[in-house]
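Residue-level structural notes
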Amino acid sequence: MNTQIHYKQYEPEDFAGVIKLGNIVHGDNYLDDEKCQKYYNTSFKNGINASFVAYDGDELVGFRLTQAANKWDINEWCSPQLWQLSEDQVCYFKSNTVNANYRGHGIGSSLLMLSIEQAKLQGAKAGLAHIWLASPGNSAFKYFKKCGGELIKEHPNRWAGWYESHGYICPVCGPDCDCTAAEMMIRF
């Protein structure tokens with residue numbers, strides 16, 4: 001591994017690498033061009049982009065997709081009554097993904113910190129995420145908690161029906177996903 005990881009804000013030229021890495025790590029059809037464009041568009045508030053990618057040379061090895069406050073859908077899997085903040089103060093950490101060969105070297109944490117700094121400039125006071133509790137060794141939960149995340153609520157069957165609606169195939173369950181998501185928040 002090259003120790004010179006280069007971080008930059010997420011741009012359309014990164015879509016192909018983000019799709020490839022996202023689908024390897026999270027399962028088939030997790031990302032596509034349409035979703036990448038949506039997450040790119042919703043990363044911005046007041047001209048500030050809160051999403052980042054990490055490269056080792058020409059290889060995209062990680063990404064953090066962050067949707068600005070008021071730019072993401074607060075749905076039945078969210079508990080705003082428990083946040084202790086207004087909805088317009090909370091950004092959404094959509095996805096943090098690092099190539100398996102690069103994990104454990106601080107790339108995910110660096111991507112998160114870069115996104116938090118930009119989200120603060122956008123006016124956010126916290127960031128919310130739905131953490132995949134079926135990640136290998138529950139690493140996603142452990143990582144997010146270590147970065148300051150607090151558990152708000154667990155949501156069983158968070159991704160149920162995504163095969164029918166998105167063509168998503170969970171790497172743990174297959175097409176009939178019954179994984180639980182931990183709704184977690186990092187306050188800034």
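Below is a short write-up of the structure. All values derive from a computational prediction rather than experimental measurement. (Residues numbered from 1 in each chain as written. Predicted model: local features only at pLDDT ≥ 70, side-chain atom pairs only at ≥ 80, totals over all residues. Heavy atoms only, no water.)

Regarding helix 2 (residues 33-41)
Basically, it comes down to this: Relative accessible area decides the class of each residue, using a 1.4 Å probe on protein chains only: under 20% of the type maximum gives buried, over 50% gives exposed, and in between gives partly exposed. Numbering of helices and strands starts at the N terminus; helices are DSSP runs of H or I of at least 4 residues and strands are runs of E of at least 2. Each C-beta atom gives one direction from the helix axis, and the arc is the one those directions make. Every residue pair with non-hydrogen atoms within 4.5 Å of one another is taken to be in contact. What qualifies as a polar contact is a pair of N or O atoms within 3.5 Å, subject to a donor-acceptor requirement within protein and to the restriction that residues adjacent in sequence count only when both atoms come from side chains.
Those residues of helix 2 that sit buried are Lys-35, Cys-36, Tyr-39 and Tyr-40. Taken around the axis of helix 2, the buried residues stretch over an arc of 135°, which confines them to a single face. In helix 2, the exposed positions that point more than 90 degrees away from the buried face belong to Asp-33 and Glu-34. The inward-facing, buried residues of helix 2 abut helix 1 (15-26), strand 2 (44-45), strand 3 (48-49), strand 5 (59-67), strand 6 (90-98) and helix 5 (162-166). The N-cap of helix 2, judged by a side-chain oxygen 3.1 Å from the amide nitrogen of Glu-34 a few residues on, is Asp-32.

Observations regarding the packing of helix 1 against helix 2
For clarity, the cut-off: To obtain each axis, a line is fitted to C-alpha atoms, and for helices this fit is confined to the stretch in contact; angles are then taken between N-to-C directions over 0 to 180 degrees. If an angle is under 35 degrees, it is roughly parallel; if it is over 145, roughly antiparallel; if it lies from 65 to 115, roughly perpendicular; otherwise it is oblique. Each helix crossing is assigned a hand: it is left-handed if the near helix lies turned anticlockwise from the far helix by less than a right angle, otherwise right-handed if that turn is clockwise. Residue polarity follows a fixed list, in which Ala, Val, Leu, Ile, Met, Phe, Trp, Tyr, Cys and Pro are nonpolar, Asp, Glu, Lys and Arg are charged, and the others, Gly among them, are polar.
Running from N to C, helix 1 and helix 2 cross one another at 115°; their axes reach a closest spacing of 10 Å. In terms of orientation, helix 1 lies roughly perpendicular with respect to helix 2. Considering how the two elements wind past one another, helix 1 and helix 2 form a crossing that is right-handed. Contacts between helix 1 and helix 2 pair Phe-15, Val-18 and Ile-19 from the former with Asp-33, Cys-36, Gln-37 and Tyr-40 from the latter. When its residues are assigned to classes, the contact of helix 1 with helix 2 shows 5 nonpolar, 1 polar and 1 charged.

A look at the packing of aromatic side chains
Stated formally: Any two rings among Phe, Tyr and Trp, with Trp reduced to its six-membered ring, count as a pair given centres within 6.5 Å; such a pair is stacked if its planes are under 30 degrees apart, edge-to-face if over 60, and tilted if neither.
This structure, assessed with the given rule, holds 9 aromatic pairs. Considering the side-chain rings of Tyr-10 and Tyr-40, the 6.0 Å spacing of their centres and the 70° angle between planes classify their relative orientation as edge-to-face. Taken together, the residues Tyr-10 in the loop between strand 1 (6-9) and helix 1 and Tyr-40 in helix 2 connect sequence positions 30 residues apart. Taken individually, Tyr-10 and Tyr-40 each receive the classification buried, so the pair is uniform in this respect. Pairwise contacts between aromatic rings join Tyr-10, Phe-15, Tyr-40 and Phe-44 into one cluster.

Comments concerning the sheet that holds strand 4 (residues 52-56)
The condition that has to hold: Criterion used throughout: strands pair if DSSP finds at least two bridges between them.
With mixed pairing, 7 strands are arranged side by side in an open sheet as 1-4-5-6-7-9-8. Pairing within the sheet leaves two strands with one partner each, and these edge strands are strand 1 and strand 8 (150-155). Strand-to-strand twist in this sheet, taken as the mean axis angle between neighbours without regard to direction, amounts to 25°. One ladder, built from 7 bridges, connects strand 7 (residues 126-132) with strand 9 (residues 181-187); its direction is antiparallel. Looking at the pairing, Ala-129 lines up with Met-184 of strand 9. The sheet strands contacting helix 3 (residues 107-122) are strand 1, strand 4, strand 5, strand 6 and strand 9, and the helix crosses strand 6 at an angle near 155°. Packing of helix 4 (residues 139-146) onto the sheet brings it into contact with strand 5, strand 6, strand 7 and strand 9, and relative to strand 9 it is tilted by some 15°.

As for the nonpolar core
For clarity, the threshold we go by: For the purposes of this section, nonpolar cores are sets of buried Ala, Val, Leu, Ile, Met, Phe, Trp, Tyr and Cys residues that join through side-chain atoms within 4.5 Å.
Counting residues in each nonpolar core, the largest one holds 24 residues, and the members touching the most others are Tyr-10, Val-18, Leu-31, Val-53, Leu-60, Phe-63 and Trp-159. Those elements that provide at least two residues to this core are helix 1, helix 2, strand 4 and strand 5. Per-element accounting of this core gives the leading share, 5 residues, to helix 1. Setting aside residues no more than four positions away along its own chain, Leu-60 makes contact with Asp-14, Gly-17, Val-18, Leu-21, Val-53, Ala-54 and Tyr-55. Counting residues in hydrophobic clusters, the runner-up holds 14 residues, among them Phe-93, Leu-112, Cys-147 and Ile-186.

Thoughts on the pairing of strand 9
Burial of strand 9 is extensive: 6 of the 7 residues sit out of reach of the surface. Here strand 8 runs beside strand 9; their pairing, made up of 5 bridges, is antiparallel. Bridge assignment links Glu-150 to a residue of strand 9, and that residue is Met-185.

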